Every structure is written in structure tokens, then in C-alpha cells.
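Below are the chains, spelled out letter by letter.
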Amino acid sequence: MVTVPIKSCIRTLSTTSRMDKSFAKWYRSLWQPKAHDEPPYDHIVQLGDPVLRVPANAIPEKELQSAEVQYLARHLTKVMRAYRCVGLAAPQLGLSLRAFVMEFKDELRDQYTKADYKLREMEPLPLTILLNPELKVLNYEKVIHTEACESVRGYRADVPRYREILLQGFDATGNRQELRLSGWNARIAQHEMDHLNGIVYTDIMNRKSLTCTCWQAVNAKSGRIQLSFASK
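If you're wondering where the values come from, they're calculated on a predicted model, not measured in any experiment. (Residues numbered from 1 in each chain as written. Predicted model: local features only at pLDDT ≥ 70, side-chain atom pairs only at ≥ 80, totals over all residues. Heavy atoms only, no water.)

Remarks on the overall build of the protein chain
Here's step 1: Along its length, the protein chain carries five helices and six strands.
Here's step 2: Reading the helices (α) and strands (β) of the protein chain from amino to carboxyl end gives α-α-β-β-α-β-β-β-α-β-α.
Here's step 3: Approximately 12100 Å² of the protein chain is accessible, and the part contributed by carbon and sulfur atoms is 51%. (Helix = DSSP H or I, 4+ residues; strand = E, 2+ residues; numbered from the N terminus. Areas by Shrake-Rupley, 256 points an atom, 1.4 Å probe, with all protein chains shown as cover.)

Listed below in C-alpha cells is the structure:
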């Protein structure tokens, strides 16, 4: 997920019956040289890539404490920070696995007015790694705010999300964790959970609110704009 300041303009890892074998094969590939066009990518895939449209596979329980899963968590964190976004799910790196990371740094406060920061119910969120997460809605009231996504780069839209949720899952070392989130951080979590279920925010957005984030620059430069899909 990408934050939208008010001031700023492996593919599927086999079926369940073959999961362990496919997962082990993927593990081995992490320690071998790989082509640039093979996941896990160092770039974020874009809407149209089939990996974004299928429910991700659960990580086998016996692998949750493995060094390979810790590698995956580190790689997700590295790419998330390189793109300066606040959340990233494994399918966005081409891996159909139920894992995502989140982080909302206090320094992002400067990108918003005090009123908007309060309106969006924002607060710092330390680096959080979720493996095989499950989400429970605690408050069914929906709040609408603008969202963007690095897998739909160059656009943003208004999206309704539940105000408060409970996350349960495992951390990068395989230990169980439970996290109660509200406001903006609950929005980040719901956005990433959607990625694990083959859902993109464009599926649930207010369609008339979809906006090109650089439409003003397109006009100012007579359409001579290049949109990069690499990290900033």
C-alpha cells in the first residue's frame, strides 16, 4: 500500500496437494543464482500480472521458523522501504504466499497537515511481519479515505475500509502474534490482506474517484511524462 499525502499531486506455488514439494523447490532457488525475470522480484508487479488475482498459498507450518522464511521477510521489508510504501505483500513480488509486511514511520507525519493526520486516525506503526495472517473485523463501521498501491502505479482512489480489525498470525520467527489495529493502520492491514486474497483496491473503490496522480504534470508537459515502475 502507498500513502497518499493530501499535499501531493514464483507465480502460484502449485495446488495444496503439491504445496510442500513446490515450496521446498522455491526454497532451494533462493540460494541459487536466478534470472532477473524470476520471483521473488526486486520490483513490484503491476495490475494484469496473474499472481495478483489468485488467493495466495499458506506457508507450510513446518517452514515458519526456517531461515528461508526469514529471508522472505527481509526481502519484503527491503523492497517496501526501497519503494517508500507502508505495506507490501508477497504476491506483489511475484510469490503466491500468505505473507506481508507493514510499517508507518513517524517521519511520514510531515507529509500531512495536522488536521488531516488526525482525520485519517494515523499513528506510527513499527515494522510488522505477518505470516499466514487471519483478519477479524472488530468494528464494522466503514471509513472512506484515499488509497494508492504500488501495483497500480500512477493512480489513487477513495476506498471504504473497516475502522477496527484484529490480526492473528505468525512473525518472521514463527511465533504467534495478535495485533489490534484501528484507523489508518487498520486500513494498511486490510489493503495487504486483500492482496493475499487476489483482491486489488480498484475492486472496491469508488469508481468515479479514480485519479491519475500526475494528471497536472501531464498537461503541463504536453503529455511528455514517463512513469517508472522501479523503486524511487
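Overview of the packing of aromatic side chains
Here's step 1: Inspection of every chain in the model, using the stated rule, returns one aromatic pair.
Here's step 2: Relative to Y162, the ring of Y140 has its centre 5.5 Å away and its plane inclined at 75°; by these criteria the two rings are edge-to-face. Residue Y140 is located in strand β3 (residues 125–148), and its partner Y162 is located in strand β4 (residues 155–170); the two are separated by 22 residues in the primary sequence.
Here's step 3: Judged by relative accessible area, which is 59%, Y140 ranks as exposed. (Phe/Tyr/Trp six-rings, centres within 6.5 Å; stacked < 30°, edge-to-face > 60°. Buried < 20%, exposed > 50% of the residue type's maximum accessible area, 1.4 Å probe, protein only.)

A word on the side chain of Q46
Here's step 1: Structurally, Q46 is set in the loop between α1 (19–30) and α2 (67–83).
Here's step 2: Of the polar contacts made by the side chain of Q46, one reaches the backbone nitrogen of R153; its length is 3.2 Å.
Here's step 3: Non-local contacts of Q46, meaning those with residues more than four positions away in its chain, are made with L52, E150, S151, V152, R153 and F229. (Polar contact = N/O pair within 3.5 Å; in protein donor to acceptor, adjacent residues only side chain to side chain. Contact = heavy atoms within 4.5 Å.)

Here we look at the pairing of β4
Here's step 1: As defined by bridge partners, β3 adjoins β4 across 13 bridges and the pair is classed as antiparallel. The residue bridging K142 from the neighbouring strand is Y162, located in β4.
Here's step 2: In sequence, β3 turns back onto β4 through a hairpin of six residues, with G154 there showing a positive phi of about 100°.
Here's step 3: As paired elements, β4 and strand β6 (residues 211–212) share two bridges and run antiparallel to each other. Within β6, the residue paired with R156 across the bridge is T211.
Here's step 4: Where β4 meets strand β5 (residues 176–182), seven bridges bridge the pair, whose relative direction is antiparallel. The residue bridging L166 from the neighbouring strand is R180, located in β5. (Pairing = 2+ DSSP bridges.)

Focus on the environment of D158
Here's step 1: If you trace the backbone, D158 turns up in strand β4.
Here's step 2: For the pair D158 and T211, spaced 53 residues apart in sequence, the C-alpha to C-alpha distance is 9.4 Å.
Here's step 3: Setting aside its immediate chain neighbours within four residues, D158 contacts I144, H145, T146, M205, N206 and S209.
Here's step 4: Reaching out from D158, the side chain makes a polar contact with the side chain of T146 at a distance of 2.8 Å.

Here's the deal with helix α4 (residues 183–196)
Here's step 1: Counted at 1.5 Å a residue, the expected span for α4 with its 14 residues is 20 Å, and the 21 Å between its end C-alpha atoms agrees.
Here's step 2: The buried fraction of α4 amounts to 14 of the 14 residues, a majority that puts the element mostly inside the structure.
Here's step 3: Count one or two residues on from α4 and you reach G198, which has phi positive near 75°. (Expected span 1.5 Å × (residues − 1).)

Regarding unusual backbone geometry
Here's step 1: With an omega dihedral of 0°, the bond running from P39 to P40 counts as a cis peptide bond.
Here's step 2: Counting through the fold element by element, P40 comes out in the loop between α1 and α2.
Here's step 3: You will see that S222, though not glycine, has its phi angle at about 55°, which is positive.
Here's step 4: By relative accessible area, S222 is classed as exposed at 56%.

Re empty space enclosed by the protein
Here's step 1: In this model, the largest cavity occupies a volume close to 60 Å³.
Here's step 2: Lining the largest cavity are R120, E121, V143, H145, R161, Y162, R163, G183, W184 and R187.
Here's step 3: Taken together, the elements giving at least two residues each to the lining of the largest cavity come down to β3, β4 and α4.
Here's step 4: For the lining of the largest cavity, a count of residues per class yields three nonpolar, two polar and five charged. (1 Å grid on protein atoms, 1.4 Å probe; cavity = no way out; pocket = protein on both sides within 12 Å on 5 of 7 lines; lining within 4 Å. Points joined across faces, edges and corners; volume = space filled by probe spheres on them. Nonpolar A, V, L, I, M, F, W, Y, C, P; charged D, E, K, R; others polar.)

On their own, these measurements won't tell you what the molecule is for.
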